[in-house]
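Tertiary structure, described
Below are the chains, spelled out letter by letter.
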Amino acid sequence: MQKIILNTTSIEWIKIKKELIKYYSSLEPRHTIASSLGIKLKYSGYFAMIPENFDIDAHLTQYPLTNYMFVEDNTGRIKSVPTTGNLDSSLLFDKDRLIYIIGLISSIPAKNKDSITEDGYVVINSLLIRNAFKDYWSYLDYLIKTDVLCTDGQYIVGEKSKGYKFTESYSDKPLKRYNYPISQAGVEAIPSEVYSEEDKTFLRNTVTDFPYLSYWYSVKKLSIDEVAASHYAYSVMQDKIRNGKESWDINRDKSHRNTIIRKDPKTQYHAAQYNIHSIAVGDYKASIDTNVHRLHSVITNLQKTYRKFLKFNGNQLINIDVSNSQPYLLCLLLNPLFWDKDSDIPLNISMLHQNVQDKFEECQLERIKTYVSSLDRTHKNLVGYINTVSIGQIYEYMANVINEARRTNFQKKDIKVMILTTLFSKNRYMPTCKRYFRMYFPDIYRLIELVKEIDYTALACLLQNIESEIILHRCCKRIWEKGNGKIPVFTIHDSICTTKGNENYVKDIMQSILRKNIGIPPFIKEETM
């Protein structure tokens with residue numbers, strides 16, 4: 001078969017289609033039994049969420065594939081039109097691939113709540129689809145031209161992929177679950193492979209190395225009231241649409257200075273539905289990332305408001321949470337021995353993962369160690385910070401400081417974002433919250449600067465790895481061992497969920513281990529999920 005040189009334009013693509021039709025018409029007609037190609041499970045998952053009013057078979061009948069970038073070959077099968085110019089790369093059509101792309105509109109924001117934009121477009125990296133199947137352009141083109149999806153058309157090399165969302169005919173409709181054929185063979189609670197954003201490839205899922213973390217997922221007793229949660233999610237979306245943009249949730253990750261970015265309630269609904277149905281089918285998606293080594297699961301992905309629908313073995317769940325956890329964990333960095341890899345304290349930097357240690361040069365470690373050694377432990381700003389985070393009040397304290405000074409009305413959730421910005425943003429970025437933090441806690445602020453002086457992401461990685469080490473591998477492990485594997489635990493980063501009646505047991509272990517490792521007692525609160 002000949003090869004056509006292609007400059008990727010729609011005109012050239014149409015020429016490819018004509019050439020393909022001509023080629024197949026020149027071949028002797030024959031009959032072949034069609035087979036389903038599908039998509040590998042590690043890409044597709046067990047299901048996709050699609051609009052309730054979308055009937056794929058009726059849609060394919062109304063909009064025949066061959067009117068778009070598909071052709072019928074000499075065996076009567078439908079094939080995609082390649083964009084590469086190589087006619088040999090034409091692949092058989094499979095409707096599950098069409099469904100897969102539709103399903104990305106909910107599965108992508110479900111895994112990253114902070115990716116949800118105000119305009120509702122879901123950014124889909126072409127590499128993501130290409131890894132699943134290489135002829136994705138024919139499918140995307142079909143969905144756009146038949147008014148299932150629309151695109152913002154915004155592509156910036158190295159910065160932004162195009163965004164896609166449902167057209168008005170489907171955008172505010174309830175979603176239904178489309179089960180892929182693979183789901184009939186049973187659902188694994190924990191995937192054997194997980195995609196690593198850091199490594200851009202699939203890696204072995206290491207969470208299975210730790211029975212004190214994986215067991216509670218593997219027994220598949222975590223459940224959700226699927227009907228009630230789904231109805232609630234749809235009513236929340238409708239209320240936000242009816243009440244206007246001012247009622248929409250703020251995307252605090254994307255908002256900055258005087259620019260407030262909100263989250264599209266339709267996309268939030270789509271994400272919620274994907275997570276609700278993941279729990280309903282027992283696809284818990286538990287894994288440990290390779291960056292800060294946190295445990296991620298469908299529970300950490302699920303918006304807090306939906307956790308009330310969760311149960312374990314029919315029992316209510318209680319969440320035990322460390323208040324102002326990141327500012328609290330920062331207190332460990334005030335200990336000079338933490339920066340000494342040979343020290344004998346319960347947790348020093350050498351006990352963290354190597355990729356986190358590698359963010360610091362030896363000379364930087366010495367500078368930080370020298371600085372914290374020089375601090376006056378009795379100075380009021382240092383004592384004030386430690387005491388305030390130990391009682392879980394740093395956000396409230398800074399809210400009072402800033403509101404009184406600037407006659408504002410910031411709430412705790414606003415101040416939390418401001419303080420996390422102080423901790424994790426570049427040193428040269430100096431918004432109001434940073435200036436006030438530096439004014440009231442100069443010694444702490446200088447430590448923050450030193451930790452970030454070479455790599456501004458170092459502090460975030462350091463604190464989150466400290467958190468994962470303590471919560472996952474010290475608290476959960478101790479609960480597993482002392483409780484003889486009978487106390488259920490599910491982590492949400494800095495908090496641990498357990499069944500009602502076990503909360504005091506879990507809380508006591510968390511308090512003991514955190515105090516031992518950080519050096520000061522934490523403030524821990526309980527809440528019914």
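Everything here concerns the structure above.
These remarks concern the structure in this document. (Residues numbered from 1 in each chain as written. Predicted model: local features only at pLDDT ≥ 70, side-chain atom pairs only at ≥ 80, totals over all residues. Heavy atoms only, no water.)

Topic: the side chain of Lys452
One can find Lys452 in the loop between helix H18 (442-451) and helix H19 (458-482). One buried charged side chain, Lys452, makes no salt bridge at all; its nearest oppositely charged neighbour is Glu449, positioned 8.0 Å away. There is a polar contact of 3.2 Å between the side chain of Lys452 and the backbone oxygen of Thr422. The residues touching Lys452, leaving out its near neighbours within four places in the chain, are Thr422, Leu423, Phe424, Ser425, Asn427, Lys434 and Leu459. (Helix = DSSP H or I, 4+ residues; strand = E, 2+ residues; numbered from the N terminus. Buried < 20%, exposed > 50% of the residue type's maximum accessible area, 1.4 Å probe, protein only. Lys, Arg positive; Asp, Glu negative; His and termini not counted. Salt bridge = Lys/Arg side-chain N within 4 Å of Asp/Glu carboxyl O. Polar contact = N/O pair within 3.5 Å; in protein donor to acceptor, adjacent residues only side chain to side chain. Contact = heavy atoms within 4.5 Å.)

What to know about the pairing of strand E6 (residues 163-166)
Consecutive residues of a regular strand have side chains that alternate between opposite faces of the sheet. Judged from the 2 bridges that link them, strand E4 (residues 122-123) and E6 form a sheet pairing that is antiparallel. Pairing of Val123 across the sheet is with Gly163, part of E6. As judged from the 3 bridges shared by strand E5 (residues 149-151) and E6, these two strands associate in the antiparallel manner. Within E6, the residue paired with Thr151 across the bridge is Tyr164. (Pairing = 2+ DSSP bridges.)

Here's the deal with the environment of Thr457
Checked against the element boundaries, Thr457 lands in the loop between H18 and H19. Judged by relative accessible area, which is 26%, Thr457 ranks as partly exposed. Sequence-wise, Thr457 and Ala58 are 399 residues apart; in three dimensions their C-alpha atoms are separated by 50 Å.

Quick word on empty space enclosed by the protein
The probe, sized like a water molecule, is rolled over the atoms to show the empty space still left. All chains considered together, the criterion is met by 4 cavities of 30 Å³ or more. Surrounding the largest cavity, Ala233, Val236, Met237, Lys240, Pro265, Gln268, Tyr269, Gln303 and Tyr306 form its lining. Those elements that provide at least two residues to the lining of the largest cavity are helix H8 (226-243) and helix H9 (265-281). At 4 residues, H8 tops the list of elements feeding residues into the lining of the largest cavity. The residue inventory of the lining of the largest cavity, partitioned by class, reads 6 nonpolar, 2 polar and 1 charged. Roughly 40 Å³ of internal volume is contained in the second largest cavity. Taken together, Tyr212, Leu213, Tyr217, Leu295, Cys476, Val489, Phe490 and Thr491 form the lining of the second largest cavity. Of all the secondary structure elements, the ones that give two or more residues to the lining of the second largest cavity are helix H7 (211-218) and strand E15 (490-492). (1 Å grid on protein atoms, 1.4 Å probe; cavity = no way out; pocket = protein on both sides within 12 Å on 5 of 7 lines; lining within 4 Å. Points joined across faces, edges and corners; volume = space filled by probe spheres on them. Nonpolar A, V, L, I, M, F, W, Y, C, P; charged D, E, K, R; others polar.)

As for the side chain of Asn381
Mapped onto the elements of the fold, Asn381 is located in helix H14 (residues 380-390). A polar side-chain atom of Asn381 sits 3.3 Å from a polar atom in the side chain of Asp443. If near-sequence neighbours (up to four positions away) are discounted, Asn381 is found in contact with Tyr440, Phe441, Pro442 and Asp443.

Some remarks on the environment of Asp209
Note that Asp209 resides in the loop between strand E9 (201-204) and H7. Each C-alpha atom, one on Asp209 and one on Asn243, is 47 Å from the other, the two residues being 34 residues apart in sequence.

What to know about the sheet that holds E4
In space, the 3 strands of this open sheet follow the order E4-E6-E5, with antiparallel pairing throughout. Edge positions in the sheet fall to E4 and E5, since each has one partner strand and no second. Relative to the sheet, helix H6 (residues 136-145) contacts E5 and E6, its axis offset from that of E5 by approximately 100 degrees. (Axes fitted to C-alpha atoms, helices over the stretch in contact; angles between N-to-C directions.)

Structural notes on H8
Taking 1.5 Å of rise per residue, the 18 residues of H8 would be expected to cover 26 Å, and the 26 Å separating its terminal C-alpha atoms lies within 8% of that figure. For H8, the set of buried residues is Ala229, Ser230, Ala233, Met237 and Lys240. Mapping the buried residues of H8 onto a view down its axis gives an arc of 100 degrees, with all of them on the same face. Exposed positions of H8 whose direction lies more than 90 degrees from the buried face are Val227, His231, Arg242 and Asn243. Against strand E10 (222-224) and H9 lie the buried residues of H8. Gly244, located one to two residues past H8, shows a positive phi value of around 90 degrees. (Expected span 1.5 Å × (residues − 1). Arc of directions from axis to C-beta.)

Some details on the packing of helix H4 (residues 95-111) against H9
At a closest axis distance of 7 Å, the pairing of H4 and H9 adopts a crossing angle of 85 degrees. Relative to H9, H4 is oriented roughly perpendicular. Every residue of H9 that contacts H4 at Ile105, Ser106, Ser107, Pro109, Ala110 and Lys111 is listed here: Thr267, His270, Ala271, Tyr274 and Asn275. Within the contact of H4 with H9, the residues separate by chemical class into 5 nonpolar, 5 polar and 1 charged. (Parallel < 35°, antiparallel > 145°, perpendicular 65-115°, else oblique.)

Here's the deal with unusual backbone geometry
In this structure, His293 takes a positive phi of about 65 degrees despite not being glycine. In this fold, His293 is placed in the loop between strand E11 (287-288) and strand E12 (295-296). His293 gets classed as buried once you look at its relative accessible area, which sits at 10%. With a phi angle near 55 degrees, Asn313 is a residue other than glycine that sits in the positive phi range. Checked against the element boundaries, Asn313 lands in the loop between strand E13 (310-312) and strand E14 (315-322).

Section: the packing of helix H17 (residues 432-440) against H18
Each pair of packed helices gets described by two things: the angle between the helix axes and the distance between those axes. For the pair H17 and H18, interaxial distance at closest approach is 5 Å and the crossing angle is 120 degrees. Relative to H18, the element H17 is oriented oblique. Residues Lys434, Phe437, Arg438, Met439 and Tyr440 of H17 form the contact with H18, whose own contacting residues are Pro442, Ile444, Tyr445 and Ile448. Of the residues that constitute the contact of H17 with H18, the class distribution is 7 nonpolar, no polar and 2 charged.

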